[in-house]
Amino acid sequence: MKMVKIFLVLGLIAVATSAPTCPEPEGVQAYAHTQNCDQFFLCTNGTLTLETCENGLLFDGKGAVHNHCNYNWAVECGTRQHDPTPISSEGCEYQFGIYPISHECSTTYMKCAYGEAIPSECEPGLAYDERIHGCNWPDQLLETCNPEAVVGFKCPTKVAPDSLAARFWPFPRFAVPGDSKRLITCVEGHPRLISCGEDKIFDESSLTCVEHEEAGHHF
Ligand SMILES: *[C@@H]1O[C@H](CO)[C@@H](O)[C@H](O)[C@H]1NC(C)=O
């Protein structure tokens, strides 16, 4: 009797693991594979498929780089395993990844997709930071970057105490000649180019970013 029960339980587990079903009948859901970090289960309107991330990508449930997968350096696999062997091509270690163009200060980097390297530009005023696989303020990259060269601005060592810029001390602000969407702020003597963001423009009379209409009142 006991044996029968055990076999019955084992049988149910076998059925459950070999033929899992989708908990949701509609929509698209992705579920982690319990053993493999580079695989996941995808439910598409209730139909289950086992998917494998492209080379250089892993599954963490949050990644949206390509087919629900994320860059390998961003994923915590825990106890899930994967084969880390890269499939390399010109400029790309893995088929999918983000790589530096040089180890010197650079405002461009390589984005690889299907093994094809696509040169990509940082936002103006930023430089590529290998540590974060993305772009960063050049004053955070002083070993390789000269922020004055990247931003194209030299912070004054002194600011007149009664000036508008001094109001923002220790981060004095300055207008960017010919650019109404950005401002420069100095952090420990190094310039940072800051974008006002969408729908905002730089107002020279207050040295702040303001809504379009607000700025209009000053003219
Ligand atoms: C799921 O089914 C709905 C309704 O039949 C359909 O409109 C939709 O395109 C389907 N979604 C996918 C991802 O196949």
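Fair warning: this is a prediction, and the values are worked out from it, not measured in the lab.

Criteria and cut-off values
- Residues numbered from 1 in each chain as written.
- Predicted model: local features only at pLDDT ≥ 70, side-chain atom pairs only at ≥ 80, totals over all residues.
- Heavy atoms only, no water.
- Near = heavy atom within 4 Å.
- Polar contact = N/O pair within 3.5 Å; in protein donor to acceptor, adjacent residues only side chain to side chain.
- Areas by Shrake-Rupley, 256 points an atom, 1.4 Å probe, with all protein chains shown as cover.
- Helix = DSSP H or I, 4+ residues; strand = E, 2+ residues; numbered from the N terminus.
- Contact = heavy atoms within 4.5 Å.
- Pairing = 2+ DSSP bridges.
- Axes fitted to C-alpha atoms, helices over the stretch in contact; angles between N-to-C directions.
- Phe/Tyr/Trp six-rings, centres within 6.5 Å; stacked < 30°, edge-to-face > 60°.
- Buried < 20%, exposed > 50% of the residue type's maximum accessible area, 1.4 Å probe, protein only.

Student: What exactly am I supposed to notice about the site of the ligand here?
Tutor: Surrounding the ligand, one finds Val28, Thr44 and Asn45. Here an oxygen atom of the ligand and a side-chain polar atom of Asn45 are 2.2 Å apart. Here the ligand, which alone exposes 360 Å², has 26% of that area covered by the protein.

Student: Can you walk me through the side chain of Asp60 in this structure?
Tutor: Along the chain, Asp60 turns up in the loop between β4 (57-58) and β5 (70-71). In this structure the side chain of Asp60 is engaged in a polar contact, spanning 2.9 Å, whose partner is the backbone nitrogen of Lys62. Engagement of the side chain of Asp60 in a polar contact is seen with the side chain of Asn70, the distance being 3.0 Å. For Asp60, the contacting residues outside a window of four places in its chain are Asn70, Ala74, Val75 and Arg80.

Student: Just to check I follow, could you spell out the sheet that holds strand β13 (residues 190-195) for this structure?
Tutor: To summarise the sheet geometry, strands pair through backbone hydrogen bonds and adopt either a parallel or an antiparallel arrangement. The strand order β11-β12-β13 describes an open sheet built from three strands, whose pairing is antiparallel. Two strands close off the open sheet at either side, each with one partner strand: β11 (173-176) and β13. On average, adjacent strands in this sheet sit at an angle of 35° to one another, irrespective of strand direction. Of the strand pairs in this sheet, β11 and strand β12 (residues 179-187) are connected by four bridges, and their pairing is antiparallel.

Student: Sorry if this is basic, but what is going on with the packing of aromatic side chains here?
Tutor: For any pair of aromatic rings, the description consists of the separation of the ring centres together with the inter-plane angle of the planes. Scanning all chains against the criterion turns up five aromatic pairs. Each ring, one from Phe96 and one from Tyr114, has its centre 5.0 Å from the other, and the planes form 70°; the classification is edge-to-face. Of the two residues, Phe96 sits in the loop between β5 and β6 (97-100) while Tyr114 sits in the loop between β7 (108-113) and β8 (116-121), which places them 18 residues apart along the sequence. When the ring of Tyr109 is compared with that of Tyr128, the centres are 5.3 Å apart and the planes differ by 25°; the resulting orientation is stacked. Here Tyr109, found in strand β7, pairs with Tyr128, found in strand β9 (residues 127-129); they are 19 residues apart in sequence, far enough to count as distant. Comparing Tyr109 with Tyr128 shows no difference in burial state: the two are buried.

Student: Would you mind showing me how to read the pairing of strand β14 (residues 200-203) here?
Tutor: Remember that side chains alternate between the two faces of the sheet whenever the strand is regular. Bridging between β14 and strand β15 (residues 208-211) involves four bridges; their strand directions are antiparallel. Bridging across to β15, Ile201 finds its partner in Val210. Where β14 folds back onto β15 in an antiparallel hairpin, the turn is made up of four residues, including Leu207, whose phi is positive at roughly 55°.

Student: For this particular structure, what's the right way to read the pairing of β13?
Tutor: Bridge analysis of β12 against β13 gives six bridges, and the strand direction is antiparallel. Among the inter-strand pairings, Cys186 is bridged to a residue of β13, identified as Pro191. Between β12 and β13, which follow one another and run antiparallel, lie two residues, and Glu188 among them has a positive phi close to 50°.

Student: I would appreciate a short explanation of the sheet that holds β7 in the present structure.
Tutor: Reading across from one edge, β6-β7-β8 is the order of the three strands in this open sheet, with antiparallel pairing throughout. Two strands in the sheet have a free side with no partner beyond their single neighbour: β6 and β8. Across the sheet, the mean angle separating the axes of adjacent strands is 30° when strand polarity is ignored. By the bridge criterion, six bridges tie β7 to β8 in an arrangement that is antiparallel. Paired with Tyr109 across the two strands is Ser120, which belongs to β8.

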